[in-house]
Amino acid sequence: MSFKLGLCIPKGKKSRIRLPDIIQNLCKAVDIEIVEIDMKEDIEIQGPFHVLLHKVLDYYNEFDVVVADQKITKLMSYALQHKEMIVIDNFDWCFKLTNRKYMVELLKSCEFYLNGVKVFLPNTIEITEHMTIVEVHRLLKKRSVKFPVVSKSISAYFEEDARQMSLFFSTEAISRLKKPCLLQEFCNHGGVMYKVFVVGSKFNICMRPSIRDLYETDTNTTLCFDSSRVSKTGYPYMKGIHPVDPNKRHWANSDEVPDLLDSGVVKEVMSRIHANTGLYLYGFDILVERETGNYALIDINHFPSYAGIDSEHFPNDLVSLLKTFRDIPGKIL
């Protein structure tokens, strides 16, 4: 029996990342059979699978909640009945990472010091729906939170405004805060974000545009922005947000500049994330603090776009990961 990969990728994600097309020949060369799971049919008769690769959360982008829930429950039930099958990735953590409270806890567990670099989660507090402004001010003072601060919704995925964020520069401005949310200290990082894309034990890094350096005394005006647009090119230049027009500069990746970040530090972050979650396909964002050179961890997401790195990396690294599962002694169905 050939090594069998079950693929359950909703239409939108499948189109964007071009699966299974980009791995078809690579899998064929190493005797890995790809089966695109038809969710309208009985999954049992389509298997068994050695590995299940999915992006089930994207069903919520393509169907109403009831239909999406049905499809996800069906796949999760199949996985529970076949615990010998490797799942990429853990369903529980895929859902947990849609909640920034879990995300913050995970990133907090990745704090350490290595090679002269401190890896840290910027000072972050939770603001509940029923907190008064006085209580918010007290909490900011108690936790020694410094301005400016970024407000982030609790949901990182399901809500329409999940990527809408605001920068506040004073306690007075906080009165306009939309609750519930997280408030996180902003750290200056020269307007550059580093996105680390991970497949198993392999990673690649690319630079992306980010927010300019800001200080408490800069303005009394709250700055509102869409975090997904801030970190991409192709959008109009936001003068109040970006230090320079992101469309007029080159954003390097780790093929072009191998030492974009300390590889030892990046590998340690990966080790801690995998130990806590079991995830294989994910990305996380690092800001290099201007004043110290330390690494601030600000975001993590499952099965990212892998955009900004060489297009050959993701398919090659994914098939390499599948081969490691295939070669596990005694791992047969």
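Relevant structure appears above.
For clarity, every value in this text was computed on a predicted model and none was experimentally measured. (Residues numbered from 1 in each chain as written. Predicted model: local features only at pLDDT ≥ 70, side-chain atom pairs only at ≥ 80, totals over all residues. Heavy atoms only, no water.)

(A) Representation of unusual backbone geometry. Following Gly 47, the chain continues to Pro 48 via a peptide bond in cis, the omega torsion being 0 degrees. Here Pro 48 shows up in the loop between strand S2 (32-36) and strand S3 (51-54). Cis peptide bonds are those with omega within 30 degrees of zero, and the linkage from Ile 88 to Asp 89 qualifies with 10 degrees. For Asp 89, the position within the fold is in the loop between strand S4 (86-88) and helix H5 (91-96). The phi dihedral of Asn 115 falls on the positive side, at around 55 degrees, and the residue is not glycine. Checked against the element boundaries, Asn 115 lands in the loop between strand S5 (112-114) and strand S6 (117-120). (Helix = DSSP H or I, 4+ residues; strand = E, 2+ residues; numbered from the N terminus.)

(B) Local environment of the sheet that holds strand S11 (residues 192-199). Taken in spatial order, the six strands make up an open sheet running S5-S6-S15-S14-S11-S12, and their pairing is mixed. If you trace the sheet from one side to the other, it starts and ends with S5 and strand S12 (202-209), each paired once. Adjacent strand axes in the sheet meet at a mean angle of 30 degrees when their direction is disregarded. Judged from the two bridges that link them, S6 and strand S15 (residues 295-302) form a sheet pairing that is parallel. Bridging across to S15, Phe 120 finds its partner in Ala 296. (Pairing = 2+ DSSP bridges. Axes fitted to C-alpha atoms, helices over the stretch in contact; angles between N-to-C directions.)

(C) Representation of the state of the cysteines in the model. One pass over the full model with this rule turns up zero disulfides. The thiol of Cys 27 is not disulfide-bonded; the next cysteine sulfur, from Cys 8, is found 16 Å away. For Cys 27, a relative accessible area of 0% translates into the label buried. (Disulfide = S-S within 2.5 Å. Buried < 20%, exposed > 50% of the residue type's maximum accessible area, 1.4 Å probe, protein only.)

(D) Structural detail: the pairing of S6. Relative to S6, S5 runs antiparallel, the two sharing three bridges. The residue of S6 that forms the bridge with Phe 112 is Val 119. Linkage of S5 to S6, two consecutive antiparallel strands, is achieved through a turn of two residues, within which Asn 115 is found at a positive phi near 55 degrees.

(E) Structural view of the packing of helix H2 (residues 21-29) against helix H10 (residues 313-326). Direction vectors running N to C along H2 and H10 enclose 45 degrees, while the axes themselves pass 9 Å from each other. Taken together, the axes of H2 and H10 lie oblique to each other. Considering how the two elements wind past one another, H2 and H10 form a crossing that is right-handed. Residue-level contacts link Ile 22, Ile 23, Leu 26 and Cys 27 of H2 to Phe 314, Pro 315, Asn 316, Leu 318, Val 319 and Leu 322 of H10. Looking at the contact of H2 with H10 residue by residue, the class counts come to nine nonpolar, one polar and no charged. (Parallel < 35°, antiparallel > 145°, perpendicular 65-115°, else oblique. Left-handed = near helix turned anticlockwise from the far one by under 90°. Contact = heavy atoms within 4.5 Å. Nonpolar A, V, L, I, M, F, W, Y, C, P; charged D, E, K, R; others polar.)

(F) View of the nonpolar core. Within the largest apolar cluster, 37 residues are counted, with the highest numbers of intra-cluster contacts made by Val 196, Phe 284 and Ile 300. Mapped onto this core, the elements with two or more residues apiece are helix H6 (100-108), S6, S11, S12, helix H9 (263-277), strand S14 (281-288) and S15. Phe 284 has contacts with Tyr 194, Lys 195, Val 196, Val 198, Val 266, Val 269, Met 270, Ile 273, Leu 297, Asp 299 and Ile 300, leaving out every residue within four places of it along the chain. Ranked by size, the runner-up nonpolar core spans 30 residues in total, among them Ile 17, Val 30, Ile 34 and Ile 88. (Core = buried A, V, L, I, M, F, W, Y, C linked by side-chain atoms within 4.5 Å.)

On their own, these measurements won't tell you what the molecule is for.
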